[in-house]
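Each chain is listed here by its residues.
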There are 2 protein chains.
Amino acid sequence: MTMNTDTGPLNDLSVVKSVSLTSALEKELERLILTGELEPGARINEIHLSNRFGTSRGPIREATRSLEAKGLVEVVRNRGVFVRRLTVEDAIEIYDVRAALFGQAGRLLAERMTDELLVELTRLVDRMDMVADQGSFDEYYPLNLAFHNLIVTSCGNRTLAAEYHRFVNKLHLFRARALVQGGGLAVSNREHRAMLEALASGDGDRAQMTHWRHVALAKRRLIAAGSGGASRND
Amino acid sequence: MTMNTDTGPLNDLSVVKSVSLTSALEKELERLILTGELEPGARINEIHLSNRFGTSRGPIREATRSLEAKGLVEVVRNRGVFVRRLTVEDAIEIYDVRAALFGQAGRLLAERMTDELLVELTRLVDRMDMVADQGSFDEYYPLNLAFHNLIVTSCGNRTLAAEYHRFVNKLHLFRARALVQGGGLAVSNREHRAMLEALASGDGDRAQMTHWRHVALAKRRLIAAGSGGASRND
DNA sequence: TCGCCCCATTTTGTTGACAGTTGTCAATAA
DNA sequence: TTATTGACAACTGTCAACAAAATGGGGCGA
């Protein structure tokens, strides 16, 4: 059982009154899941949670039903709810969806590009090149994340952005999560430069293609890495 | 209030025991929303529903929280839940997401195309041409729906298919729903033929482009029709 | 007549309790 | 030793009741 009884997260919950208890619980549960504190496959015990958060089971059940609809947990009747476990096949499917959404975001962004944004994006890619030379993955990863987030949130389509983030989050449920983050840093950043050029040109077709390809290649790297060693999906 | 007290749908609910009451209620509520029996903006009264379905409020609350996560209803604290109302801007955003997903489906399908599927798809397009000549929209619409569904469900990516359908469903919440279905029948079917050719060629790039463009053009038709007359989104 | 305040009613938020189901473990028999 | 059975414990599914908030209407005063 991965439950602890510290009261840390509890404060955030008790303070709020403007927002419903259910949604606060949902946010907290989502955090626990995405950070891995609740591991994929783990069972979510309603009584334990209600004790931990000092509420009854009702709001917790509502929160888990919401998380089920979002695809983060699985509800089995008379058995309980479990943190969803993604297979390699699931992860690959998600990559295709991600590629489609990210490509569309690139297209939209190319058609509404600004100089400031181009400067900001270029700076991120430059810094990624720097840390990639040093092979420092720990520094590369957050920059990479910021780069992608900036593109998606700037494309002007909030629906698309929300969906994109939902699927990126879902990848956290993938057991062999290290594979997702792997891949050549320098190679990946060369793709970033191609994306930048397409965005700067204002050519929507080209931007969509480069952005789509970036995720598609990441998927390829995932498959290649997966078929090598840790391909078990039990 | 659009509630009636007939016991028709109730039977389906009481019979089942293997599936939870919550998910049965959720399905029924989703049906009521998508068919328009519960109109966009309508308030969902927990007590009324619990009386109507003969349950307590608990399962109904869980079902509505799930529908909220799916984007079909909106929950306002201490006020209740309302059937979500889509603005024109929302609908346009959804079209972009749909285009991205449909394009990806086209690409995937092109790479795993079979002769039988091509025959089946061609038959649908042929029949659409027939009824389009007669200007019979009532016959065209279900054929068109079947055509798109067949493509998406055959692409081999269940995650993508589920997302696509989720967004198509959400379009039912758009007030000026007639606009969504509008557009030239013959024009639209000409795009279908281009998609067929791309699928038959097995060229993923080309298939993605033709499929993406098909939805993008539908979006354009929506915008054109919307800016003309019924552009109010109150 | 118009605007504001107060109170009753309605509705939601949350809780605790009970019933039914699942999983476990020990005792028994082969 | 191993398989089976029965009882117990833990947990989920559902419900009814209480508390808090919002809605609506009537009365009062300007």
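Positions within a chain are numbered from 1, following the residues in the order the chain's sequence is written. Chains and ligands are labelled by the order in which they are written, letters from A for the one and numbers from 1 for the other. With pLDDT at 70 or above as the cut-off, local features in this predicted model cover only qualifying residues; side-chain atom pairs require 80 or more to be listed or tallied, and sums for whole chains, interfaces and linings still use all residues. To get the side-chain values, all heavy atoms of the structure are used, and hydrogens and water are removed first.

Undergrad: An account of the overall build of chain A is needed here, citing residue identities and associated values.
TA: For helices the rule is a DSSP run of H or I covering at least 4 residues; for strands it is a run of E covering at least 2, with both sets numbered from the N terminus onward. Scanning chain A from N- to C-terminus turns up 11 helices and 3 strands. Going residue by residue from the N terminus, the α and β elements of chain A occur as α-α-β-α-α-β-β-α-α-α-α-α-α-α. In this scheme, a residue with accessible area under 20% of its type's maximum is buried, one over 50% is exposed, and one in between is partly exposed, where area comes from a 1.4 Å probe on protein chains only. Per-residue burial over chain A gives 48% buried out of 234 residues. Contacts are residue-level and defined by heavy atoms, with any inter-residue pair within 4.5 Å sufficient. For chain A, restricting intrachain contacts to residue pairs at least 6 apart in sequence, the fraction spanning at least 24 positions comes to 74%. Of the roughly 11,200 Å² of accessible surface on chain A, a fraction of 50% belongs to carbon and sulfur atoms. Note on areas: Shrake-Rupley with a 1.4 Å probe; residue coverage comes only from the protein chains shown.

Undergrad: With reference to specific residues and values, describe the side chain of T22 of chain B.
TA: Along the chain, the position of T22 of chain B falls in helix 2 (residues 21-34). Apart from the residues within four sequence positions on either side, T22 of chain B is in contact with P59, E62 and A63 of chain B.

Undergrad: Could you give me a rundown of the sheet that holds strand 1 (residues 43-44) of chain B, with the residues and numbers involved?
TA: Consider a sheet: its strands pair through backbone hydrogen bonds, and that pairing is either parallel or antiparallel. All names here are of chain B. Two strands pair if DSSP finds at least two bridges between them. In spatial order, the strands read 1-3-2; together these 3 strands make up an open sheet with antiparallel pairing. Strand pairing shows two members of the sheet lacking a second neighbour, strand 1 and strand 2 (73-76), which therefore form its edges. Pairing analysis gives 4 bridges linking strand 2 to strand 3 (residues 80-83), with the strands arranged antiparallel. Within strand 3, the position partnered with V76 by the bridge is G80. Lines fitted to C-alpha atoms define the axes, with helix axes restricted to the stretch in contact, and inter-axis angles between N-to-C directions lie between 0 and 180 degrees. On top of the sheet, helix 4 (residues 57-69) reaches strand 2 and strand 3; it is set at about 115° to strand 2, its chief contact.

Undergrad: If you had to explain the protein's contact with DNA strand C to someone new, which residues and values would you point to?
TA: Whether a residue is near a molecule or strand depends on its heavy atoms: it is near if one of them lies within 4 Å of it. Near DNA strand C there are 20 residues, and of these S56 and R79 of chain A together with R43, R57 and R61 of chain B occur at the shortest range. Here DNA strand C approaches the protein such that, of its atoms within 4 Å, sugar and phosphate make up 74%. Here N45 of chain B contributes a side-chain N or O atom positioned 3.3 Å from a phosphate oxygen of DNA strand C. Any pair of N or O atoms that falls within 3.5 Å is considered a polar contact. Within protein, one atom must be able to donate a hydrogen and the other to accept it, and sequence-neighbouring residues count only if both atoms are side-chain atoms. Here a base nitrogen of DNA strand C sits 2.8 Å away from a polar atom, N or O, in the side chain of R57 of chain B. Of all the elements in the fold, those that place two or more residues in the surface near DNA strand C are helix 4 (57-69) of chain A together with strand 1, helix 3 (46-53) and helix 4 of chain B.

Undergrad: Summarise the sheet that holds strand 3 (residues 80-83) of chain A; cite the residues concerned and give the values.
TA: Across the sheet, 3 strands lie side by side as 1-3-2 (chain A); this open sheet has antiparallel pairing. Two strands in the sheet have a free side with no partner beyond their single neighbour: strand 1 (43-44) and strand 2 (73-76) of chain A.

Undergrad: Describe the packing of helix 5 (residues 88-110) of chain B against helix 10 (residues 185-201) of chain B, naming the residues involved and giving the relevant values.
TA: Residues and elements named next belong to chain B. Two elements in contact, helix 5 and helix 10, have axes whose closest approach is 8 Å; the angle formed by their N-to-C orientations is 40°. Looking at the two axes, helix 5 sits oblique to helix 10. Between helix 5 and helix 10, the residues in contact are F102, G106, L109 and A110 and M195, A198 and L199, respectively. As a working rule, the residues Ala, Val, Leu, Ile, Met, Phe, Trp, Tyr, Cys and Pro are called nonpolar, Asp, Glu, Lys and Arg charged, and the rest polar, with Gly in that last group. Tallied by class, residues from the contact of helix 5 with helix 10 come to 6 nonpolar, 1 polar and no charged. In this scheme, roughly parallel covers angles under 35 degrees and roughly antiparallel covers those over 145, while 65 to 115 is roughly perpendicular and the rest are oblique.

Undergrad: Tell me about helix 8 (residues 158-170) of chain A, and please be specific about residues and values.
TA: Expected helix span is computed as 1.5 Å times (number of residues minus one). Taking 1.5 Å as the rise per residue, helix 8 of chain A with 13 residues should run 18 Å; its terminal C-alpha atoms sit 18 Å apart, in good agreement. Of all the positions in helix 8 of chain A, only T159, L160, A161, E163, Y164, R166, F167, V168 and K170 of chain A are classed as buried. Along its buried surface, helix 8 of chain A packs onto helix 4, helix 5 (88-110) and helix 7 (137-154) of chain A together with helix 5 and helix 8 (158-170) of chain B. Near the N-terminus of helix 8 of chain A, the side chain that reaches the backbone nitrogen of T159 of chain A, with its oxygen 3.1 Å away, is that of N157 of chain A.

Undergrad: Which residues make up the protein's contact with DNA strand D, and what values go with them?
TA: Around DNA strand D, the surrounding shell holds 22 residues, and the nearest of these are R43 and R61 of chain A together with L21, S56 and R79 of chain B. The sugar-phosphate share of atoms of DNA strand D within 4 Å of the protein amounts to 77%. Measuring from a base nitrogen of DNA strand D, one finds a side-chain N or O atom of R57 of chain A at 2.9 Å. Between L21 of chain B and DNA strand D, the recorded distance is 3.2 Å, taken from a backbone N or O atom to a phosphate oxygen. Elements supplying a minimum of two residues to the surface near DNA strand D: strand 1, helix 3 (46-53) and helix 4 of chain A together with helix 2 and helix 4 of chain B. The class makeup of the residues in the surface near DNA strand D is 4 nonpolar, 9 polar and 9 charged.

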